[in-house]
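Survey of secondary and tertiary structure
Residue strings, one per chain:
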Amino acid sequence: MPSTLTESTDPYCLRPGEATALLSGHPWRRFVALGDSVVEGMCEPTPGYPDVQWVDRVAAELTAVRPELAYRNLGRRGLRAHQVRATQLAPALAFAPDLALVVCGGNDAFHPAYDAEAVDAELTAMIIALREVGAAVITVGMFDVSHSPAVPEHVRSGLGERMRRLSAHTASLAEHLDTVHVHLTDHPLTADPTLYSTDGRHGSARSDAIATAQTLRTLSPHRLPKPPPR
């Protein structure tokens, strides 16, 4: 059943003025995003929610506070983790970011032969390289798309197990490598069918609006430079 909510009435979305308050004084000037279709933007339109994908929305809110922000989205649909690193890491580093978002592994996890350790290695290499050039890095545990009504019942259980393994591994990497980690997998609405597109692989405009709110709320405590160690 379609949601009867709109972004302005959805309790999980940003409230008026909230984004500005969350990001006030943020230091970032160069934001780059690496990843697959989740980063490129494949959200399905939802009545009552803007047809603007998640990462572009995050960039727009960062820019509203700091208009000189430079933003580059390198995301491309269909890529596995090793392909993201092979094709996007070099241009991301050349961009000289001070804030980077890395989301991949979902296309790996869609396959029964998903190799969690191989995906971990690719994510680790990207995160370390970006941290070494001075970028704060955002990682994400995505909504569990196995709850999409478009996912065939016979693959739902296996897909859900792999997506949650990817999320758990990414969270572990985030803790070890000190990234800003946005955890959506256990969001209260992760099983809500209105969050997913009819293709069984991507999200809706509602999910992107909710992901934007959660990203900014997670990023907010990191918006000011950390004090130097004593």
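Report on the accompanying structure. (Residues numbered from 1 in each chain as written. Predicted model: local features only at pLDDT ≥ 70, side-chain atom pairs only at ≥ 80, totals over all residues. Heavy atoms only, no water.)

Moving on, we come to the pattern of salt bridges. Counted according to the given criterion, the structure contains twelve salt bridges. For E68, the salt bridge is made with R29, and the minimal N-O distance between the two is 3.1 Å. In this pair, E68 sits in the loop between α3 (54-65) and β2 (70-73) while R29 sits in the loop between α1 (18-23) and β1 (30-35), placing the two residues 39 residues apart along the sequence. The class for E68 is partly exposed, based on a relative accessible area of 45%. Overlapping salt bridges bring together D10, D192 and R206 as one network. (Salt bridge = Lys/Arg side-chain N within 4 Å of Asp/Glu carboxyl O. Helix = DSSP H or I, 4+ residues; strand = E, 2+ residues; numbered from the N terminus. Buried < 20%, exposed > 50% of the residue type's maximum accessible area, 1.4 Å probe, protein only.)

Turning our eyes to something else, we now look at the pairing of strand β5 (residues 180-183). As paired strands, strand β4 (residues 136-141) and β5 are joined by four bridges and run parallel to one another. When the sheet's bridge partners are listed, T139 is paired in β5 with H181. (Pairing = 2+ DSSP bridges.)

A word on helix α6 (residues 116-132). Taking 1.5 Å as the rise per residue, α6 with 17 residues should run 24 Å; its terminal C-alpha atoms sit 24 Å apart, in good agreement. Buried residues of α6: A116, V119, D120, E122, L123, M126, I127, A129 and L130, and no others. Residue D115 occupies the N-cap position of α6, its side-chain oxygen lying 3.2 Å from the main-chain nitrogen of E117. Just past α6, the residue G134 takes up positive phi, approximately 95 degrees. (Expected span 1.5 Å × (residues − 1). Polar contact = N/O pair within 3.5 Å; in protein donor to acceptor, adjacent residues only side chain to side chain.)

Counting residues in hydrophobic clusters, the biggest one holds 66 residues, and the most contacted among them are F31, L34, L62, L101 and L130. Each residue touching L34, except ones within four places of it in the same chain, is listed here: V39, L74, V84, Q88, L89, A92, L101, V102, V103, M126 and L130. (Core = buried A, V, L, I, M, F, W, Y, C linked by side-chain atoms within 4.5 Å. Contact = heavy atoms within 4.5 Å.)

Limitation: the analysis is restricted to geometry and does not speak to function.
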